[in-house]
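The residues making up each chain are set out below.
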Amino acid sequence: MAAVSAEEEAAPPSSPPLTDDDIVRLAREHPQTSASIPSFLLSSTSHPILVSYLHSRAAAASSSSSLAVADYIFSLLSLISLSPRSSPISSLFSSLLLAYIKLFNSRQIPHDGDSLKTIQLFYLHLEIAPNHDLLAVADAIVSDLLQIVDPDDAQLLDLLPRCLDLIRNSEGVERGGGFVNSVVDHVLTSDWSKALLVKLVSLIREISYLDKGRCSEFLEKVFFGMKGVDLQDLPSLVYQLLVLASKGFSKREVIEGIVMFFGSQMGSTATSIVRQVEGTVLLHVNFSVKQDPSLGQEVLGLARSDLRVFNNFTVSVLLSLARVRRFNESSIGILKTALLVAYRDFKSAKSCKWLPSDLKEGSLQTVKKLEKAVMRAVNDSNFGREHIVPSIVQLGFILLESAEDGNQKAFYNTNGLMGTEELGIQMLKTLFEVHDMTRNEIIEQCKFRILSLKPEQSMPIIRLLGYLIQTLPYPMLEHVSRLKELLDYFTFMHGKIATCFVTALLPLLKYSRDLQDYTILVVRKAMFRREETIRIAATNAIIDLILAEKRSKIDGTYSFQDSSSQASCSQKAEVPGSLGPGLFQELSGLLQRCLCQQATVKEIMYNGLVKLVLVDPLTAGPVLDFLLPHFLHFYREGEDADDQLDISFCVKSESGKNCMEEPLDCLLSSISWILLLQPPGKTDRPLDSSWTCFGFSLSQENEAGKIMSSESFSSALLKIRQCLRRGNMEGSGIFGHTQDTGSGTSEDEKTRSCAFILSGIVEVLLNTIATEMEKATDIEKVDLLKELIEFVNHYDSLEKSRSMSRQRNGIKRGNQRNAVYDIPDNTDLGHRKLSRARIPFIATSSIYRLLQTFLDQYSLNFSDGVANSHNRSQSSSSKVSVCCSKMLSFVLNTSLQQIKTFSLLGKDDPLKTLVYGEIEMLGPPLLKLIWLLKSEPTLEADQKKKEAKGRKDVEDRREHLHQALTCLKELIKICLQNPHHTSLLEDLVSLSTVEYPLRDVADVGPDHECDIASGIEDQNIKSKVLLIAKCIRPLLSELLGLSFLREVEILCDVVMMIGHELPCEWRDFNRDWVVCICNTSGITNSKVAKSLVKLAICLSSPPDDLILAQEMTKELLKVMGSEGSSPLETSETYAIINHSTTSATASSILELIESVIVDMDWVTAKLKTFSPVTLKTTSLDLSGEHASALCFEETLYSRAEALDPQAEHFLRLVTRFYKNLAQMSKLRIAPKGCKQVLPGLKFQKLVELACRQLTVPLYSFVALMQRDQQENAKSRGLLSKIKRENRWIPDLIFQIEDYEKYLIQLSKATKVNLLRHAKRSTSRDFKILEHPRTNTMGEEEPPNHNNSTAVENERVTGGHQECGDDTEEGHDESERATSAPDEPCSPLAAEDSESDGEEEEEEEEEDRDALPNPRRSKMSKVVQDSDDEA
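Residues numbered from 1 in each chain as written. Predicted model: local features only at pLDDT ≥ 70, side-chain atom pairs only at ≥ 80, totals over all residues. Heavy atoms only, no water.

## Re the overall build of the chain
Counting its regular elements, the chain contains 57 helices and 8 strands. Buried residues in the chain amount to 51% of all 1430 residues. Summed over all atoms, the accessible surface of the chain reaches about 65600 Å², with 51% contributed by carbon and sulfur. (Helix = DSSP H or I, 4+ residues; strand = E, 2+ residues; numbered from the N terminus. Buried < 20%, exposed > 50% of the residue type's maximum accessible area, 1.4 Å probe, protein only. Areas by Shrake-Rupley, 256 points an atom, 1.4 Å probe, with all protein chains shown as cover.)

And the structure:
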């Protein structure tokens, strides 16, 4: 039958040939007629004819339509599909398909919708084609890929996946898989047009058998060609890629490619259309992650892997991902961590002085790039990506909660960065301005977080509110109701938060009278609370409200927008808002209540009234009227012209304790400032009209009374000044009459409190006198000078009175000269809690005049004393000396107080300018005083007649010099922290050059150093260099020659502060000078030696700092001695290293090593970014990253090479160093799937140096230390030290062996023997040997080798005995390590260890269970090699 059918098939057709039209007609009629298929179609001889019909129809088809060809193909395939599948049918189908492909590629068939339907029909019948013909079909499809220029040209590619799949699964095709791979490779190596790229992306998911390499090559080609794709095609293309990734097609690479394409390549063209496209892509990503959460995990993994992947699109993707509930916390956490890590890395890089500048700059650029990426994502949030807005709000508030402190903010601002707080504020401010829908949420979040967070976390939220109110006041008016709700919690807030919140609201009050009235109502209620902090906050709020109103009126911007809050009665309507009663009059009742509150509240109010007069001097009259009745409670004018200050009324006793009731000194200070600020000859006439609001007007009598308030105060201050000048304080009743008949202790405390107040009053009067001296004549200046001296004497006596009172109460007086800055006095004032740092009563300008006056007087007395020492009486000279000493002590203490409280007030506080002014003006007179004090002669022969007095004068002079240097140091510190105070340095340099030229100073550097410094263009650096060269260095050398050691320490600190601000070149100049001092100066004071050694090391640029430390360490070892050499008295190279300074020198060196290891910790962690594991998971091709990695690595190795007897500190540092070495070695080992790179020469040198110069000596050091512990175990004072040291030994040995373990693995992987210089690991097979010891009879006992638990321990704390078998074995196997045969005393020895790694780890875990007991340290057992392994 088969043969017959074959003959029939081969026979010529019995029926005449059919035309193409007949075929089309038969196909149409067949469903109705169900006629049989003509034999012509089933015959193999008809195939050429049928194919020719296809060519003829293609030739006759118009250029715009392929309908005729489609009808023919559809008809023919529908007919032959009705017959059973046979060889002729398959052959016919293949011929038709190949012919159609040829015609399609040659563009003889138009590429339109009909052609697409034809190809889809071929796709459905593709399995009819013979397997061997499919090879030709596949080749024909991919033969002309270059002709594909638009989507219709790629219609044939729909057949390719199915065709390749049939070939791959066909058993009749030999090496079908190889053919498929060759076709795929041909496609991958071809040039892709944008149409071909889009088409291949849509088809590639059907080719599921691609290997990983071809998948990576395909994606690389896709993302490279995406930049040529039309913008409107990008969203669909990305969606196809996401679908592809969800099918398991290289998920990480797909996600990474999308992120980097839109973040890097598209980021430079940030047009509105591009942003809209990115928004659509974000929606696709969000939808894909919801459908396939594994894609979200890939996004998170990519973001965690490296900061380099962060760009604006990465941030947007993570914010979009945060809208998916399961990824919210992770996404926001990654963004927060990335920002914090970037800031921390930059701070670490900036502080690491041995890191190259290009790496520091790279770290700075990373932070800036991340900040810009976040802000770009926020700014683009209104371009089709509104769904990420809630995530931005969440991230912004999280950044505010993570805000840094003030010092870090200043550090970031100096380097052009925003910092977390500023970044969060800018994010939320942008959203508040652009998206109306976010405003309610932002205000609600602010309200919730202010009430729920800790005070330090709430401050950034308050600053955000203030920023929004200041920059966007009109939108904020819509949320007044919410702000009023927050005001309701005023009394429940922390005092500082409540004050800052009201301050933040102040700019909005001028737009809303309703909010102002509500604020006043809340503050009024708060004044009746019991809590002192709430009352303080309310008082601050009252003052701020009044000041804000005054500023607004002066600026002409005080106008309310809320018309509903305006007055409704006709009487008030006649008065314009700007001319109505001010808040000072309206809130006078609340201010009166402040006068009945605690002393702290009164202080705030008094200072606030001074601020009010500073803002508007015309309010001085009403303020004085307000204060006069209260002042008269403590001031009475007696009939005998002796005025009395009832200071005793300022202190009251409660429950046996004294508490301050009235800060009278602060009140008098405020009054004196107001009198000084009041315009001369003017009254407060612009405010007179406001009194009509209270229903009356001022008559002439009222006006006269009003004027008398300032006169009354002036008269009272003058009489108080005269009374105190007479010095009859207690006799005239200034302390009042004590009504308390309690104990003497209570009386002493009260007297001390009154003396404290009176001291403040004296300061107020001294400020007044110094102010008067500015305009006084020469004759008047003489009288004022006498008055100054008298008040200084009174001040000194009051200080002594307070000190004696403390002594009587059993309080140790201490060194009063050292307590130059005691703010406030340590008196227990009960409920009255003075601020830790009060605003000074003496202005900087007054201190300057006092300094200048006292300096002139002191200089005059000194010169007279030298010239006329034989012509003056002993008592006269003594009086002058005592007066000068008191004056200098007072003015220096006041100067130091002024300088140290400089940061107490904000830069916008009105009192800042009044009290502190230009504080740098104190520098020149202080320097003059320092030069004068150090120039005084020392104790002369004639002074030795009164040896006690002479010694006291010298001590006073040295104390004054110390105080003056301390003031200058603190002043320079302020100058370095505030760039606008740099004029101080220039003044000091010019003073040193002109008035005090450097003469006869041995240490003055070569002239060319100053000449070079004079050519520096940067004036700031130039001033610093010249200040050290012309002033600090010669002064330090002179003081060192005079043995003023405490003063030398201060100057070392000054050089250190300035040196950190200098470039490396100028630090090296100063380093050489300090090293010269260390070489020649045989200082025995440990503190000074430590300061100089530390200064020399810190001024050295890397690696010179460690080289210098190594040299000093060698000399230190010679001075301390060792087993093979006796100790020296003093180092031959560095005279500063001697027996008295060994500990200080060692401490300085160890501090340097610790700082280096801290930096190494960070750099080692940073190297993980460039490790093979990270590079494997992140296939980024960023320019310069490889060079950065190499630079990081080389720098770390170089620094580690340079690291070559405070045992505990040393053990701790070297343990951390070996931990870093282990991490470096681990990072050199390539993970599976990555090529192992040979270790570089730098790394090999590091390993060699660590093994030869550190590991081997370290074992000997540990052995020697343990032996010393055994010998000194009888000393109870050493037990705690031994215990601490023994805690670090096991950890040290573990880190050494962990490091060597990675070296072994690296050696095996690279075939490079890195352990040729290493001390070999320790074996577990050992025996315990005992040193010979004597028994109770003095005879030597032989060691017991059989019993390892032998020796009874010495009693330390009790009478019990402990056996040796309780001795703990140690923390690590190395505790039982043995020494080499030639080192019998060493408990640790080099020995081969061939034991398996797993066995070693198990043994290590067993050995870490216990720590050695120092009480058993008397046991003189040491661990030695066994005989078999020795």
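## Regarding the confidence of the model for the chain
Mean pLDDT over the chain stands at 75; residues scoring 70 or higher make up 73%. No element of the chain has a lower mean pLDDT than helix α30 (residues 570–573), at 34, and none a higher one than helix α26 (residues 480–487), at 93. The model gives residues 683–706 a pLDDT under 50, and that stretch makes 28 contacts with residues more than four places away or in other chains. In this model residues 938–945 is a low-confidence stretch, pLDDT under 50, and it forms 7 contacts with partners more than four residues away in sequence or in other chains. (pLDDT = per-residue confidence, 0-100. Contact = heavy atoms within 4.5 Å.)

## Some thoughts on the nonpolar core
The biggest cluster of nonpolar side chains holds 394 residues, and the ones touching the most others in it are F218, M226, F262, F310 and L627. It is helix α37 (residues 744–773) that provides the largest number of residues to this core, a total of 13 residues. Not counting chain neighbours up to four residues away, the residues in contact with F218 comprise L188, W192, L200, V201, I204, L244 and F249. (Core = buried A, V, L, I, M, F, W, Y, C linked by side-chain atoms within 4.5 Å.)

## Some remarks on a nonpolar patch on the surface
Side chains of L451, Y489 and F492 sit close together on the surface and give an oily, nonpolar patch of about 320 Å² of accessible area. Looking at the element boundaries, L451 is found in helix α23 (residues 439–452). You can call L451 partly exposed: its relative accessible area is 35%. (Patch = residues over 30% accessible without salt bridge, like charges linked within 9 Å, V, L, I, M, F, W, Y side chains within 5 Å. Salt bridge = Lys/Arg side-chain N within 4 Å of Asp/Glu carboxyl O.)

## Details of the packing of helix α49 (residues 1086–1098) against helix α51 (residues 1142–1167)
Between α49 and α51, the least distance of the axes is 8 Å, while the angle of their chain directions is 30°. Note on packing geometry: the crossing formed by α49 with α51 is right-handed. Residue-level inspection shows S1086, K1090, V1093, K1094 and I1097 of α49 in contact with α51, the latter providing A1144, T1145, S1147, S1148, I1149, E1151 and L1152. Across the contact of α49 with α51, the residue classes tally to 5 nonpolar, 4 polar and 3 charged. (Axes fitted to C-alpha atoms, helices over the stretch in contact; angles between N-to-C directions. Left-handed = near helix turned anticlockwise from the far one by under 90°. Nonpolar A, V, L, I, M, F, W, Y, C, P; charged D, E, K, R; others polar.)

## Focus on the packing of aromatic side chains
For the structure shown, the criterion picks out 18 aromatic pairs. Judged by centre distance (6.1 Å) and plane angle (70°), the ring pair of F584 and F626 falls under edge-to-face. Taken as a pair, F584 in helix α31 (residues 583–586) and F626 in helix α34 (residues 620–631) lie far apart in primary sequence, 42 residues in all. As far as the burial class goes, F584 and F626 line up, both buried. Relative to F713, the ring of F631 lies with its centre 5.3 Å away and its plane at 55°, an arrangement referred to as tilted. Highlighted residues: F631 in helix α34 and F713 in helix α36 (residues 700–726), separated in sequence by 82 residues. Like F713, F631 is buried. Directly above the aromatic system of W192 lies the positively charged group of K221, at a separation of 5.4 Å from the ring centroid. The ring centre of Y1302 lies 4.9 Å from the NZ or CZ of K1301, which sits over that ring. (Phe/Tyr/Trp six-rings, centres within 6.5 Å; stacked < 30°, edge-to-face > 60°. Lys NZ or Arg CZ within 6 Å of the ring centre and 35° of its normal.)

## Things to note about helix α24 (residues 455–471)
The terminal C-alpha atoms of α24, which comprises 17 residues, lie 24 Å apart, in line with the 24 Å expected from a rise of 1.5 Å per residue. Burial in α24 covers these residues: S458, M459, P460, I461, I462, L464, L465, G466, L468 and I469. Those residues of α24 hidden inside the fold are in contact with α20 (389–401), α22 (419–434), α23, α25 (473–477), α26 and α27 (495–509). (Expected span 1.5 Å × (residues − 1).)

## Comments concerning the packing of helix α8 (residues 131–142) against helix α9 (residues 160–169)
Contact geometry of α8 with α9 gives a least axis separation of 10 Å together with a crossing angle of 150°. Between α8 and α9, the crossing angle belongs to the class labelled roughly antiparallel. Crossing of α8 against α9: the hand is left-handed. Between α8, through L134, L135, V137, A138, I141 and V142, and α9, the contact on the second element is made entirely by L160, C163, L164, L166 and I167. Grouping the amino acids of the contact of α8 with α9 by side-chain chemistry returns 11 nonpolar, no polar and no charged. (Parallel < 35°, antiparallel > 145°, perpendicular 65-115°, else oblique.)

## Here's the deal with the pattern of salt bridges
By the definition in use, this model includes 46 salt bridges. Here E485 ties to K447 by a salt bridge, and the two come within 2.6 Å at their closest N and O atoms. Of the two residues, E485 sits in helix α26 while K447 sits in helix α23, which places them 38 residues apart along the sequence. Using a relative accessible area of 35% as the deciding quantity, one classes E485 as partly exposed.

## Some words on the environment of L583
As for its placement among the helices and strands, L583 is situated in helix α31. Taking the C-alpha atoms as reference points, L583 and L545, separated by 38 residues in sequence, lie 7.6 Å from one another. Setting aside residues no more than four positions away along its own chain, L583 makes contact with Q516, I520, L545, I546 and E549.

## Points about the side chain of D20
Summarising the element assignment, D20 is placed in helix α2 (residues 20–33). Judged by relative accessible area, D20 falls into the buried class, the value being 14%. Filtering out sequence-adjacent residues up to four positions away, D20 remains in contact with Y53, S56, R57 and Y72.

## Concerning the environment of S83
Here S83 lies in the loop between α5 (67–80) and α6 (87–105). Residues S83 and L42 lie 41 residues apart in sequence; the distance between their C-alpha atoms is 8.3 Å. Excluding anything up to four places from it in sequence, S83 contacts L42 and I89.

## Notes on unusual backbone geometry
In this structure, P1103 follows P1102 across a cis peptide bond, with omega equal to 0°. Non-glycine residue S1043 carries a positive phi angle of around 65°. Within the secondary structure, S1043 sits in the loop between α46 (1019–1041) and α47 (1045–1059). What makes S1043 partly exposed here is its relative accessible area of 44%.

## Focus on α26
When we look at burial in α26, the residues that qualify are V480, L483, K484, L486 and L487. The buried residues of α26 occupy an angular sector of 155° when projected down its axis, which confines them to one face. The inward-facing, buried residues of α26 abut α23, α24, α25, α27 and α28 (513–526). (Arc of directions from axis to C-beta.)

## Observations concerning the state of the cysteines
Counting across every chain of the model gives 0 disulfides. Among the cysteines around C1078, which has no disulfide bond, C1052 carries the closest sulfur, lying 8.8 Å off. Looking at C1078, the relative accessible area reads 0%, which means it is buried. (Disulfide = S-S within 2.5 Å.)

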